[in-house]
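# Per-entry structural report
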Amino acid sequence: LSSLPAPAAQAAVAMFLRQRPQVSEAAQGKRLLFLAAGSRGEVQPLVALASGCQKAGFDVVVVAPGQLLGLFEDFGVVAVDSGVLGDPSSPRAAPVQDDAVPGHTGEVDDSVFLSPGVLRIMFEHATDFGPDLVLAGLPCLAAGQAFAERLRGPL
């Protein structure tokens, strides 16, 4: 989808969303937390996946930087603001240590600049939501792993 012009990508997502995915009765209402950051090409697939999961009966919340919220909201997906994503052209910050994700030991080092403040806000939303599963786009993969470990859930 990232190689398509925006209208073509939106049309492809809309076609996908017209399908009615089926999930087991046991899966209905499970809470899925999506962590999104990065470029449109990194986020657009998560829009389709989050919307499809919601239509299938999952309880979905996305945590993403403010400038990305509209992509999810346009498809009826609840998205909460994690703050402003750092400027990708700026030098990368040092890997974030334990204090950004309470209870996580080690570094959180992602491919885009997720400041300690953004990570803390993402973690607060994750904790409040209490997800059964954390799904993270590639730029948030390390953060997603740290959150899943801390929340004792799968990634």
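Residues numbered from 1 in each chain as written. Predicted model: local features only at pLDDT ≥ 70, side-chain atom pairs only at ≥ 80, totals over all residues. Heavy atoms only, no water.

## Structural notes on the overall build of the protein chain
Along the backbone of the protein chain there are five helices and four strands. When the helices and strands of the protein chain are listed from N to C terminus, the series reads α-β-α-β-α-β-α-β-α. Across the 155 residues in the protein chain, those meeting the buried criterion constitute 41%. Of the contacts made within the protein chain by residues no fewer than 6 positions apart, 62% connect residues no fewer than 24 positions apart. If you sum the accessible surface of the protein chain, you get close to 7800 Å²; carbon and sulfur atoms cover 56% of it. (Helix = DSSP H or I, 4+ residues; strand = E, 2+ residues; numbered from the N terminus. Buried < 20%, exposed > 50% of the residue type's maximum accessible area, 1.4 Å probe, protein only. Contact = heavy atoms within 4.5 Å. Areas by Shrake-Rupley, 256 points an atom, 1.4 Å probe, with all protein chains shown as cover.)

## Some words on unusual backbone geometry
Phi is positive for Arg 152, close to 60°, though the residue is something other than glycine. Counting through the fold element by element, Arg 152 comes out in the segment after helix H5 (141-151). Assessed through its relative accessible area of 73%, Arg 152 is described here as exposed.

## A closer look at the sheet that holds strand S2 (residues 59-64)
Strand order in the open sheet made by the four strands is S3-S2-S1-S4, with parallel pairing throughout. Edge positions in the sheet fall to strand S3 (79-81) and strand S4 (133-136), since each of these pairs with one other strand and no more. Averaged over neighbouring strand pairs, the angle between their axes works out to 25° when direction is ignored. Where strand S1 (residues 31-35) and S4 come together, four bridges link them in parallel fashion. The residue bridging Leu 33 from the neighbouring strand is Val 134, located in S4. The sheet strands contacting helix H2 (residues 40-56) are S1, S2 and S4, and the helix crosses S1 at an angle near 170°. Against the sheet, helix H4 (residues 116-129) makes contact with S1, S2 and S3, and its axis sits at roughly 170° relative to S2, the strand it touches most. (Pairing = 2+ DSSP bridges. Axes fitted to C-alpha atoms, helices over the stretch in contact; angles between N-to-C directions.)

## Considering H2
Over its 17 residues, H2 extends 24 Å from the first C-alpha to the last, a length consistent with the 24 Å expected when each residue adds 1.5 Å. Residues of H2 that are buried include every one of Val 43, Gln 44, Leu 46, Val 47, Ala 48, Ala 50, Ser 51, Gly 52, Cys 53 and Ala 56, and no others. Looking one or two residues past H2, Gly 57 carries a phi angle of roughly 115°, positive in sign. (Expected span 1.5 Å × (residues − 1).)

## Looking at the nonpolar core
Membership of the largest hydrophobic core comes to 21 residues, with the highest contact counts inside it found for Phe 34, Val 60, Val 62 and Phe 72. Sorting the residues of this core by element identifies S1, H2, S2 and helix H3 (69-73) as the ones contributing at least two each. Per element, the largest residue contribution to this core is six residues, and it comes from H2. Among residues more than four places away in sequence, those in contact with Val 60 are Leu 32, Phe 34, Ala 50, Cys 53, Gln 54, Val 77, Val 78 and Phe 129. Membership of the second largest hydrophobic core comes to 18 residues, among which are Leu 35, Val 61, Ala 136 and Ala 143. (Core = buried A, V, L, I, M, F, W, Y, C linked by side-chain atoms within 4.5 Å.)

## Some words on the pattern of salt bridges
Per the counting criterion, the structure on display carries one salt bridge. Between Asp 59 and Arg 31 there is a salt bridge whose closest N-O contact spans 3.1 Å. You can see Asp 59 sitting in strand S2 and its partner Arg 31 sitting in strand S1, a full 28 residues away along the chain. Taking the relative accessible area as the measure of exposure, Asp 59 reaches 31% and is therefore partly exposed. (Salt bridge = Lys/Arg side-chain N within 4 Å of Asp/Glu carboxyl O.)

Just geometry here; none of it tells us what the structure is for.
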